[in-house]
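Spelled out, the chains give:
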Amino acid sequence: MKKKLILICIFLSTIAYSQTKKFSISGIIKSQEDSELLESATVHAERLKDSSIVSYTISEANGSFNLVGETGDSKVKLVVSFIGFQPYSKIIDVKNQNLGDLLLQTENSLDAVVIRSSAPITIKKDTLEFNVKSFKTKADANVEDLLKKLPGVEVDNEGAITVNGKSVDKILVNGKPFFGNDPTITTRNLTKDIIEKIQISDTKNNAQAFSGEDSDGENKTINLTIKKENNKGYFGKVATGAGTDKRYEYAGMGTRFQGTERIGLLAGGNNINSPGFSFGNQRLQFGGNNRSFGGGQGIVTSNNYGLNYINSFGKIFEFSGDYFYKNSESDNKSAINRETYLSDGTSYFSNSESTSLNNSDSHEASIDFEIEIDSTFRVDIESDFNKDLNTNRYNSASETFDNSRSLTNDSETYSVADSDKTSFNNELNFTKRFGSRGAFLRLELTGNLNKTESEDLVKSETNIYGSDAEEIIRDQFSDGDVDIKELASKLTYRLPLISRKFFLDVAFSTSNTKTKNIRSTYDFDETTNDYTNFSDLLSTDFEYSDKVNKPILKLEFKNEKWSASTQLALNNRTLENSDFLRPETNLEREFNNLEYALNVRFRKNRTSRYRVRYNYRNDIPSLSQLQPFRDESNPLNIVTGNPLLSPSKTHSIRLGASNFNWQKRTGFWSFANITLTDDRVVAKTIIDTSTLIRETTYANVDGYVSVNFGSSYSATKKWEDFGSLKTDFTLFGSYNKNINFNNGVQYSSEITSISPKVGFDFSWDEVLQLRPEYTISLSQNRYDIDSFTNNDFISHNVNITTSTNFLKKFEWLNDVNYNYNPNIADGFQKSAWFWNTTLRYSILKDQGAISLKIYDILDQNTNARRVATEDYIQDSSSTVLNQYAMLSFTWKFNSLGSAGKKFEPKERRGYRG
């Protein structure tokens, strides 16, 4: 009976859709006061019966618009919105027509009546604003669910967000951070019902926004706004769950709003490999970030607690601060079997098994002060404090066999390592503006202190067989102290050449980083029955200085269409190392390198943008790569630095384009990153074929090439009174030419890969949401060394997520993933199904829910993986989270909004975008 009812509903919806009528409405939008043509005004059509949005578009530079849509109604309400003007509305017949000039009246800021725009999208200079009520989601949707409905916005399984292909690196609430720098805490915990607007803009720091500088356009910021009259009260969630195999989770979040003051608390913990601050998110509650079809990450038990406070004191001073405490314990067992190919056509084999138990406690605190002394002078202060206590217990056993399968060496190791890391980082920024042409002076000061104290106990036995047999037994205790002090400053003056458009920046930056590293290792003395024999071989005592001076010149131009800049800098860098145990390894190197960059962005209109970036830089080798110290801490892999290394010289080119057609609901973005590097620093290893001991140093090589590209096209189709279908096609690819060494022989490898993906997001009102995705990955590996075999790889991945609400108050969630890799050798699992399911029942007037979740319902989560590269094939296994079931309870509370209800229009159905 139920199936028949569903088919009848689909049939009736199809009939209703077939009776819809297409329309095209055009016109020109002007200011009534001076007949100014208004670009980027929002034009949309609403249904009269429930105010749901039928279609919307954005006006062109000449004020013209052409609104196309389809509806079964005979009349609709046309609404035009533009910042600074009163909304224009008119009831019109559904037909093709030209309305001529539409005149908007200037908004009177003294009016007592609060007018809320119903426009789904508003463009404010460089900010794109979405009206939350215009986008249909399920009733208990969080911000992440909402973001997936916005045009041009994509959210992956780990919660990473992109807008037209650009990464989102900041999530703000009313312009302020919400619990630190982890965006998923915000997007997966805040519910849609408290958010009014979502604003998307290019990322700028506070000083850049104050001075009016242009951003680099590489990242995006999302700001979630809560209505001012709703900024009083509480909201939050609590959740708890218990499952089979002693699995559990708990989480709680509460935030209090009182005008400009905001106080928030977080708490969470679990033993299911999941961050502790997730509510109802299926992938996270099932340990989605750690689940793998070959290669688990162990079992992690974690507890997390957080506090956040933000307030404004008058118009001058703003303060924000947060504190986090995190505790975790991880337990993992792993086994690795590897066959390594050598340049002479032979190979050797290694097997290893290990167990590890890690405990960590961390404290993180940050405070930010924003002070506007007056309209021309601003001070920003940021301080971060971190303290990490970590204990790791590790056991391992390994064997290595030569080409004829004869045992050449074996090793057993037991270690206990304790570390105490403390860091205190501070940034001060003073910005002073001059006049109205765009001039400013900025001073940036940085002071960082980092200290690490460690103690290590290592017991190992290494046996080397053959004609030069040797037994190496170590029973050692080490204690170490690493102190890093960094002081840096940058002074920038901007000189306007053309007011507000063309600028010359003159800057000078300097930094000095001093590192003091003392590590004392003692061998066990059987006479004293203690660790008293000092080991010169494994101890270190050095001071390292890294000084940088950089004068910078920059030209920048910007107008409404173009933004361009070019920069030239001289990087003077001095590295100096004083080794008190081995004076012969003392090192002093000075580098003088030019660096330059070019950045051009063109905005064809409000929805189409193009960009080109080029820069040339020099990357200095690290101290461990430069210092000629022979590190024999691993007797089977001895590493020595090379003091003759040169800086890597890198040319980088970045291309990008994006466009969203508001009328057709289609979006497109593409990018390409090209990197060319000479003098790249790579490891150079020589293997003794009789003992298989590895001697590693470093060398410069030319000819490194890396090309990464991607593009995406999306289109959304909406059916009136039924639902919507969003289609995404994404293509990622890469080409990499690497220059490396195999047993001292230089060779090149060329790896070309391409991964097309097609996905659909089908929504049938609140009844069903279906999101299938299919990805195929193709890789071609080519080598110019005869001992390596060219390979082609292919793999397939299908993911399906569903949300079903056929029964009132019941929701059935599913997450199904299928992976198939035909390249895996016989005897290894080539494919796996992974299915998580949840049955959720709403209670307490939809403020609470009871859920039954089953992780890996097919019990196919495997811990075996095969990896093949140019010079080895490796099979590995490790501890993974096994199948379990969990019963959970979730309750949300919200007292926000009582002060603003009288301003609210009647409840309307949202746009099913």
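Before any of the text, the structure's been laid out above.
The structure displayed is predicted, hence computed values, not measured ones.

(A) Quick look at the overall build of the protein. If you tally the helices and strands in the protein, you get 6 helices and 48 strands. The C-alpha atoms of the protein give a radius of gyration of 31 Å, which matches the 29 Å a tight globule of 913 residues would have. Taken along the three principal axes of its C-alpha coordinates, the protein extends 95 × 75 × 55 Å. Burial status across the protein gives 45% buried among its 913 residues. Relative to all contacts within the protein whose residues are 6 or more apart in sequence, the contacts with residues 24 or more apart total 64%. Of the roughly 43,700 Å² of accessible surface on the protein, 53% is carried by carbon and sulfur atoms. Positive and negative side-chain charges of the protein, numbering 108 and 118 respectively, have mean locations separated by a distance of 13 Å.

(B) Structural context of the sheet that holds strand S33 (residues 637-640). With respect to topology, 4 strands assemble into an open sheet ordered S32-S33-S37-S36, the strand pairing being mixed. Single-partner strands in this sheet number two, and they are strand S32 (630-631) and strand S36 (680-687). The pairing of S32 with S33 spans 2 bridges and is antiparallel. Each bridged residue has a counterpart across the sheet, and for aspartate 631 the counterpart in S33 is valine 639.

(C) Broad picture of the packing of aromatic side chains. Applying the stated rule across the entire model yields 26 aromatic pairs. Between tyrosine 855 and tyrosine 884 the ring centres are 5.2 Å apart and the planes differ by 15 degrees, which places this aromatic pair in the stacked class. One end of the pair, tyrosine 855, is in strand S45 (residues 848-855); the other, tyrosine 884, is in strand S48 (residues 884-894), and 29 residues separate them in sequence. Neither residue differs from the other here; tyrosine 855 and tyrosine 884 are each classed as buried. Here the aromatic residues Tyr309, Phe313, Phe317, Phe319 and Phe369 are joined through ring pairs into a cluster of three or more. The ring of tyrosine 56 is capped by arginine 665, whose NZ or CZ atom sits 3.6 Å from the centre of that ring. Sitting over the face of the ring of tyrosine 704, arginine 680 holds its NZ or CZ atom 3.9 Å from the ring centroid.

(D) Representation of the pairing of strand S16 (residues 232-243). Both S16 and strand S17 (residues 248-258) contribute to a ladder of 11 bridges, which runs antiparallel. Across the sheet, alanine 242 pairs through a bridge with tyrosine 248, a residue of S17. Between S16 and S17, which pair antiparallel one after the other, the connecting turn spans 4 residues, and aspartate 245 there sits at a positive phi close to 55 degrees. Here S16 pairs with S48 via 9 bridges, running antiparallel. Residue pairing for S48: alanine 242 is matched across the bridge by leucine 887.

(E) Representation of the pattern of salt bridges within the structure. Taken as a whole and assessed by the stated rule, the structure comprises 35 salt bridges. The closest approach of N and O atoms between glutamate 144 and lysine 148, which form a salt bridge, is 3.8 Å. For glutamate 144, a relative accessible area of 4% gives the class buried. Residue arginine 494 pairs with glutamate 556 through a salt bridge whose shortest N-O separation is 3.2 Å. With arginine 494 in strand S25 (residues 470-498) and glutamate 556 in strand S28 (residues 540-558), this pair connects stretches of sequence that are 62 residues apart. Within the structure, one salt-bridge network assembled from shared partners comprises Lys176, Glu318, Glu370, Glu372, Arg378 and Asp380.

(F) Here's a closer look at the side chain of lysine 853. Topologically, lysine 853 is positioned in strand S45. Assessed through its relative accessible area of 2%, lysine 853 is described here as buried.

(G) Main features of a positive patch on the surface. Taken together, Lys485, Lys514, Lys516 and Lys547 make up a surface patch of like positive charges. On the secondary structure map, lysine 485 appears in strand S25.

(H) Geometry of the sheet that holds strand S1 (residues 21-31). Spatially, 3 strands are ordered S4-S1-S7 in an open sheet, and the strand pairing comes out mixed. Only two strands of the sheet have a single partner each, and these edge strands are strand S4 (64-71) and strand S7 (97-104). Across this sheet, the average inter-strand angle for adjacent strands is 30 degrees, counted without regard to direction. One ladder, built from 6 bridges, connects S1 with S7; its direction is parallel. Across the sheet, isoleucine 25 pairs through a bridge with glutamine 97, a residue of S7.

(I) Region of the structure containing the environment of leucine 445. As for its placement among the helices and strands, leucine 445 is situated in strand S24 (residues 439-464). For the pair leucine 445 and threonine 528, spaced 83 residues apart in the sequence, the C-alpha separation amounts to 52 Å. Contacts of leucine 445, omitting those with residues within four sequence positions, involve Asn426, Glu427, Leu428, Phe430, Ala488 and Ser489.

(J) Region of interest: the side chain of threonine 650. Relative to the helices and strands, threonine 650 is located in strand S34 (residues 648-661). You can call threonine 650 buried: its relative accessible area is 2%. A distance of 3.2 Å separates a polar atom in the side chain of threonine 650 from a polar atom in the side chain of threonine 677. What threonine 650 contacts, discounting residues up to four positions off in sequence, is Asn615, Tyr616, Arg617, Asp619, Thr675, Leu676 and Thr677.

(K) Expanded view of the nonpolar core. Counting residues in hydrophobic clusters, the biggest one holds 39 residues, and the most contacted among them are Leu147, Leu190, Ile198, Ile222 and Leu224. Sequence-distant contacts of isoleucine 222, that is, excluding residues within four places in its chain, are made with Leu147, Ile161, Val168, Lys170, Ile171, Leu172, Ile198, Gln199 and Ile200. Core analysis: the next-biggest nonpolar cluster, separate from the first, contains 19 residues, Phe23, Leu38, Ile92 and Val94 among them.

(L) Region of the structure containing the environment of serine 803. Relative to the helices and strands, serine 803 is located in strand S42 (residues 791-804). Exposure remark for serine 803: the relative accessible area of 7% places this residue in the buried category. Remark: the alpha-carbon pair of serine 803 and isoleucine 653, spanning 150 residues in sequence, is separated by 42 Å. Look past the residues within four positions of serine 803 in its chain and what remains in contact with it is Val767, Leu768, Gln769, Glu811, Trp812 and Leu813. Polar side-chain contacts of serine 803 include one of 2.6 Å to the side chain of glutamate 811.

(M) Structural detail: the environment of asparagine 559. As for its placement among the helices and strands, asparagine 559 is situated in the loop between S28 and strand S29 (562-579). Distance from asparagine 559 to arginine 474, taken between C-alpha atoms, is 68 Å for residues 85 residues apart in sequence. There is a polar contact of 2.6 Å between the side chain of asparagine 559 and the backbone nitrogen of tryptophan 562.

(N) View of unusual backbone geometry. Within the chain, lysine 809 stands out as a residue other than glycine whose phi angle is a positive 75 degrees. Phi at aspartate 846 is positive, roughly 70 degrees, even though this residue is not glycine. Along the chain, the position of aspartate 846 falls in the loop between strand S44 (831-843) and S45.

(O) How the structure looks around the pairing of strand S12 (residues 166-173). Of the strand pairs in this sheet, strand S11 (residues 161-163) and S12 are connected by 2 bridges, and their pairing is antiparallel. In the strand pairing of S12, valine 163 is matched with lysine 166. Connecting S11 to the next strand, S12, in antiparallel fashion are 2 residues, including asparagine 164 with a positive phi near 50 degrees. In this sheet, strand S15 (residues 219-225) lies alongside S12 in parallel orientation, the contact comprising 6 bridges. Paired with lysine 170 across the strands is threonine 221, a residue of S15. Bridge count between S12 and strand S13 (residues 176-177): 2 bridges; the pairing is antiparallel. Considered in S13, the bridge of valine 173 is made with lysine 176. Taken together, S12 and the strand that follows it, S13, pair antiparallel across an intervening segment of 2 residues, in which asparagine 174 is found at a positive phi of about 55 degrees.

Here is what the cut-offs are and how they apply
- Residues numbered from 1 in each chain as written.
- Predicted model: local features only at pLDDT ≥ 70, side-chain atom pairs only at ≥ 80, totals over all residues.
- Heavy atoms only, no water.
- Helix = DSSP H or I, 4+ residues; strand = E, 2+ residues; numbered from the N terminus.
- Rg over C-alpha atoms; globule rule 2.2 N^0.38 Å.
- Buried < 20%, exposed > 50% of the residue type's maximum accessible area, 1.4 Å probe, protein only.
- Contact = heavy atoms within 4.5 Å.
- Areas by Shrake-Rupley, 256 points an atom, 1.4 Å probe, with all protein chains shown as cover.
- Lys, Arg positive; Asp, Glu negative; His and termini not counted.
- Charge placed at Lys NZ, Arg CZ, Asp CG, Glu CD.
- Pairing = 2+ DSSP bridges.
- Phe/Tyr/Trp six-rings, centres within 6.5 Å; stacked < 30°, edge-to-face > 60°.
- Lys NZ or Arg CZ within 6 Å of the ring centre and 35° of its normal.
- Salt bridge = Lys/Arg side-chain N within 4 Å of Asp/Glu carboxyl O.
- Patch = residues over 30% accessible without salt bridge, like charges linked within 9 Å, V, L, I, M, F, W, Y side chains within 5 Å.
- Axes fitted to C-alpha atoms, helices over the stretch in contact; angles between N-to-C directions.
- Polar contact = N/O pair within 3.5 Å; in protein donor to acceptor, adjacent residues only side chain to side chain.
- Core = buried A, V, L, I, M, F, W, Y, C linked by side-chain atoms within 4.5 Å.

Purely geometric numbers; function is a separate question.
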